[in-house]
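Listed below, chain by chain, are the residues.
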Amino acid sequence: MLTLDDLVWLALIIGAGSYWWRARGFKSLALQLAAQRCSNLDVQLLDQSVVMKKINVQRGASGSLQLRRTYEFEFSSTGTDRYKGSIILAGVKLEHIEMEPHIVLDNQIH
C-alpha cells in the first residue's frame, strides 16, 4: 500500500523527469536557432552545442508566467578564432540572439 510519503516522492520524481524531458526540447530548439543564425552569417558553429547559463521567470505578453532561458554558444568566422554568442528563449519563442563582433571575410559579405 502506498503511503502519503511514497506519493509525494513519486510526484517529485515524475515532476523532475517531466522538467528534464521538456528542457531537452528547449535546448534542441536553441541549438537549431544558433546553427541557423551561424549559417545565415557564414560562420561556423563550434562544438555543435549550446549551454544553458541562466533561467528565470517572467511575465509574458498575455500576463502569464513563463520561463526565460539563456543559452550560450561559440562560433568562428575564420576557423581559428572563437567568439561567443547567446540565445534567449521566452517560453518557446525566440526573444533575442546576440553574437560578439567578429572578423568578416570578403567571401562572407553579401
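Residues numbered from 1 in each chain as written. Predicted model: local features only at pLDDT ≥ 70, side-chain atom pairs only at ≥ 80, totals over all residues. Heavy atoms only, no water.

Student: Would you explain the side chain of S76 in this entry?
Tutor: Along the chain, S76 falls in strand 3 (residues 65-76). Of note is the side chain of S76, whose polar atom sits 3.5 Å from the backbone nitrogen of T78. For S76, the side chain forms a polar contact with the main-chain nitrogen of G79, separated by 2.7 Å. Beyond its immediate stretch of four places on either side in the chain, S76 contacts V43, Q44, L46 and D81. (Helix = DSSP H or I, 4+ residues; strand = E, 2+ residues; numbered from the N terminus. Polar contact = N/O pair within 3.5 Å; in protein donor to acceptor, adjacent residues only side chain to side chain. Contact = heavy atoms within 4.5 Å.)

Student: Hey, could you run me through the packing of aromatic side chains in this one?
Tutor: When we look at a pair of aromatic rings, we describe it by the centre distance and by the angle of the planes. Inspection of every chain in the model, using the stated rule, returns two aromatic pairs. Relative to F75, the ring of F73 lies with its centre 6.3 Å away and its plane at 45°, an arrangement referred to as tilted. You can call F75 buried: its relative accessible area is 0%. Through successive ring pairs, a cluster of aromatic residues spans F73, F75 and Y83. Across from the ring centre of F26, 3.8 Å away, lies the NZ or CZ of R69, which sits over that ring. (Phe/Tyr/Trp six-rings, centres within 6.5 Å; stacked < 30°, edge-to-face > 60°. Buried < 20%, exposed > 50% of the residue type's maximum accessible area, 1.4 Å probe, protein only. Lys NZ or Arg CZ within 6 Å of the ring centre and 35° of its normal.)

Student: Looking at this structure, how should I read unusual backbone geometry?
Tutor: Backbone geometry follows two general trends: most residues other than glycine have a negative phi, and most peptide bonds adopt the trans configuration. If you check the backbone angles, D42 has positive phi at about 55° while not being a glycine. Structurally, D42 is set in the loop between helix 1 (4-40) and strand 1 (44-45). Its relative accessible area of 36% is what places D42 among the partly exposed residues. Here the phi dihedral of Q48 falls at roughly 45°; this positive angle occurs in a residue that is not glycine. Here Q48 lies in the loop between strand 1 and strand 2 (51-59). The class of Q48 is exposed, set by a relative accessible area of 52%.

Student: Whenever I open this one, the pairing of strand 5 (residues 93-99) confuses me. Can you help?
Tutor: The side chains of a regular strand alternate, first on one face of the sheet and then on the other. Note: strand 4 (residues 83-90) against strand 5, six bridges, orientation antiparallel. Across the sheet, residue S86 finds its bridge partner in strand 5, namely E98. Where strand 4 folds back on strand 5, the antiparallel hairpin that results is connected by two residues, among which G91 adopts a positive phi of roughly 70°. (Pairing = 2+ DSSP bridges.)

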